[in-house]
Amino acid sequence: MDVSAADAGSVPSPCSDVSVLVAHGQLTSLKDFVVRQIVFAGRPDDAVLLLARKPFDAGDLPGLAGPGLELQLDFVNDIYSKYVGQPLPHHSRITVDLIYPATAKHVQKHREQKRIMVTETPELYEQVVLPYIRAIPPARLQWVYNILEKKKEVERLIFEDPDPVNGFMLHPDLKWDQTSSDQLYCLALVARRDLACLRDLTQEHLPLLENLRDKGCQAIQRRYGVAPSCLRVFLHYQPSYYHLHVHFVHVALASPGAAAGKAVLLDDVIDCIKTCGSDVWRRRTLTYQLGEADELWRLLGGGAQQEQQQAEQ
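### Some thoughts on the overall build of the protein
Along the protein, the regular secondary structure elements total ten helices and 15 strands. Residue burial in the protein is summarised as follows: out of 313 residues, 36% are buried. Look at the contacts in the protein between residues 6 or more apart in sequence, and 67% of them connect residues 24 or more apart. Surface summary for the protein: the accessible area is close to 18,300 Å², and the carbon and sulfur share equals 53%.

### Notes on the sheet that holds strand S11 (residues 185–190)
With antiparallel pairing, the six strands of this open sheet are ordered in space as S9-S10-S11-S13-S12-S14. In the strand order of this sheet, the two ends are held by strand S9 (159–161) and strand S14 (263–265), each with one partner. Neighbour-to-neighbour, the strand axes of this sheet turn through a mean angle of 30°, independent of strand direction. In this sheet, strand S13 (residues 245–250) lies alongside S11 in antiparallel orientation, the contact comprising five bridges.

### Focus on the packing of helix H6 (residues 206–224) against helix H7 (residues 266–276)
Where H6 contacts H7, the two axes come as close as 11 Å, and the packing angle between them is 155°. Taken together, H6 and H7 sit at an angle that is classed as roughly antiparallel. In the crossing of H6 with H7, the sense of the turn from one axis to the other is left-handed. Contact with H6, carried on its side by Leu-206, Leu-209, Glu-210, Leu-212 and Arg-213, involves Leu-266, Asp-267, Val-269, Ile-270, Ile-273 and Lys-274 of H7 and no other residues of that element. Across the contact of H6 with H7, the residue classes tally to seven nonpolar, no polar and four charged.

### Let's talk about the nonpolar core
Counting residues in each nonpolar core, the largest one holds 59 residues, and the members touching the most others are Leu-170, Phe-248 and Val-269. Not counting chain neighbours up to four residues away, the residues in contact with Val-269 comprise Leu-198, Leu-201, Leu-209, Leu-235, Val-264 and Trp-281.

### What to know about H6
The terminal C-alpha atoms of H6, which comprises 19 residues, lie 27 Å apart, in line with the 27 Å expected from a rise of 1.5 Å per residue. Listed as buried for H6 are Leu-206, Leu-208, Leu-209, Asn-211, Leu-212, Gly-216, Cys-217, Ala-219, Ile-220 and Tyr-224. Elements in contact with the buried residues of H6: S9, strand S10 (168–172), S11, strand S12 (231–236), S13 and H7. Two residues or fewer after H6 comes Gly-225, characterised by a positive phi angle close to 75°.

### Side note on unusual backbone geometry
Peptide bonds are trans in most cases, and residues, glycine excluded, mostly fall at negative phi. Across the junction of Tyr-237 and Gln-238, the peptide omega takes the value -5°, indicating a cis bond. The topology assignment puts Gln-238 in the loop between S12 and S13. Phi angles above zero are rare outside glycine, and Lys-150 is one such case at about 60°. For Lys-150, the location among the structural elements is in the loop between helix H5 (142–148) and S9. Unlike most non-glycine residues, Gln-178 shows phi in positive territory, near 65°. Relative to the helices and strands, Gln-178 is located in the loop between S10 and S11. When its relative accessible area of 34% is taken as the criterion, Gln-178 is described as partly exposed.

### Considering H7
Along H7, the residues classified as buried are Leu-266, Val-269, Ile-270, Cys-272 and Ile-273. For H7, the arc enclosing every buried residue in end-on projection is 160°, short of the 170-degree limit, so these residues lie on one face. Turned more than 90 degrees off the buried face of H7, the exposed positions are Lys-274 and Thr-275. In this fold, the buried residues of H7 make contact with H6, S12, S13, S14 and helix H8 (280–283). Looking one or two places after H7, you find Gly-277, whose phi comes out positive at around 115°.

### Focus on the environment of Gln-203
Here Gln-203 shows up in the loop between S11 and H6. C-alpha of Gln-203 to C-alpha of Ile-270: the two residues are 67 residues apart in sequence and 8.6 Å apart in space.

### So, the pairing of S11
Burial analysis of S11 places six of its six residues in the buried class, which makes it a mostly covered element. The alternating pattern of S11 places Tyr-185, Leu-187 and Leu-189 and Cys-186, Ala-188 and Val-190 on opposite faces, both of which are buried. For S10 and S11, the ladder comprises five bridges, and the chain directions are antiparallel. In the sheet register, Phe-168 faces S11, and the bridge partner there is Val-190.

### A few points about the pattern of salt bridges
Scanning the model with the defined rule gives 16 salt bridges in all. With a shortest N-O distance of 3.0 Å, Lys-215 and Asp-161 are connected by a salt bridge. On the criterion of sequence distance, the pair formed by Lys-215 in helix H6 and Asp-161 in strand S9 is long-range, its members being 54 residues apart. We classify Asp-161 as buried; its relative accessible area is 11%. Here Glu-295 makes a salt bridge to Arg-298, at a shortest N to O gap of 2.3 Å. Remark: Arg-298 and Glu-295 occur in helix H9 (residues 295–299); sequence separation between them is three residues, near one turn of the helix. Classification of Glu-295 as partly exposed rests on a relative accessible area of 32%. Arg-298 sits in the exposed class, given a relative accessible area of 56%. In the salt-bridge network here, residues are joined through shared partners; they are Glu-126, Asp-200 and Arg-282.

Reading the values: the criteria
Residues numbered from 1 in each chain as written. Predicted model: local features only at pLDDT ≥ 70, side-chain atom pairs only at ≥ 80, totals over all residues. Heavy atoms only, no water. Helix = DSSP H or I, 4+ residues; strand = E, 2+ residues; numbered from the N terminus. Buried < 20%, exposed > 50% of the residue type's maximum accessible area, 1.4 Å probe, protein only. Contact = heavy atoms within 4.5 Å. Areas by Shrake-Rupley, 256 points an atom, 1.4 Å probe, with all protein chains shown as cover. Pairing = 2+ DSSP bridges. Axes fitted to C-alpha atoms, helices over the stretch in contact; angles between N-to-C directions. Parallel < 35°, antiparallel > 145°, perpendicular 65-115°, else oblique. Left-handed = near helix turned anticlockwise from the far one by under 90°. Nonpolar A, V, L, I, M, F, W, Y, C, P; charged D, E, K, R; others polar. Core = buried A, V, L, I, M, F, W, Y, C linked by side-chain atoms within 4.5 Å. Expected span 1.5 Å × (residues − 1). Arc of directions from axis to C-beta. Salt bridge = Lys/Arg side-chain N within 4 Å of Asp/Glu carboxyl O.

Read these as layout, nothing more, since geometry by itself doesn't imply function.
The following block contains the structure:
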């Protein structure tokens, strides 16, 4: 496997090499680089490679900050000092997530891009967003169906309610290594395949949503000892893929996906249906963030909205 990287703001050369940049002191942050090509089994295809440091193991602080930690002095000022530390190898591990072959949507999702807040009226949803969702090829959800049909990730299953209407499957998200409970991130996929996103939910689906919330929280508490009061349970709008799924995240985890403009708390979804009417999520105007690489950016006139906002400043 051969991975080449180039500065995202320049034209990559065929022989661009990260080691050369490191040698010249030019490598400052991985966010300044994008994977241009990955060659696997002799065939070039697009790929997305995600690197992240694993969280520290609080149970092994003596091993982390003990004699094996090499220190290089940065500065000293009175009682304050700062060092660059090199821990033992097993404390320096990173997680490496590979999406290969990656679609254009995968690449768009993970690259650096401008973002704006988009206001989506019910009319805009019906005229633009809904046709966009319906036009997405079913093949993009094959990985979801592989999980639901237990063709993949069976060993990662935390809990399953097999009911075809109100059932779901709960797995640890790939972003979580299942070691640090305060980094907990789990994902529930509903069993039924007729629900794409938040806009589809009505009073008919309250038993599903309440069942998913209650049994999902109970399963996480049994498996990982994290109480329901320590969980943020939410949906994304817009979601990354259009098969209804719910995120379970520890409140201590600072996740961009849990921020306003992206996440909608499941309790709020349920309460709005109960208090504002069955079709409230179809009738509401929703505001959310959108990146310029997203196809919806073009369909919703994101560039025009950005220019208007800049002109008003």
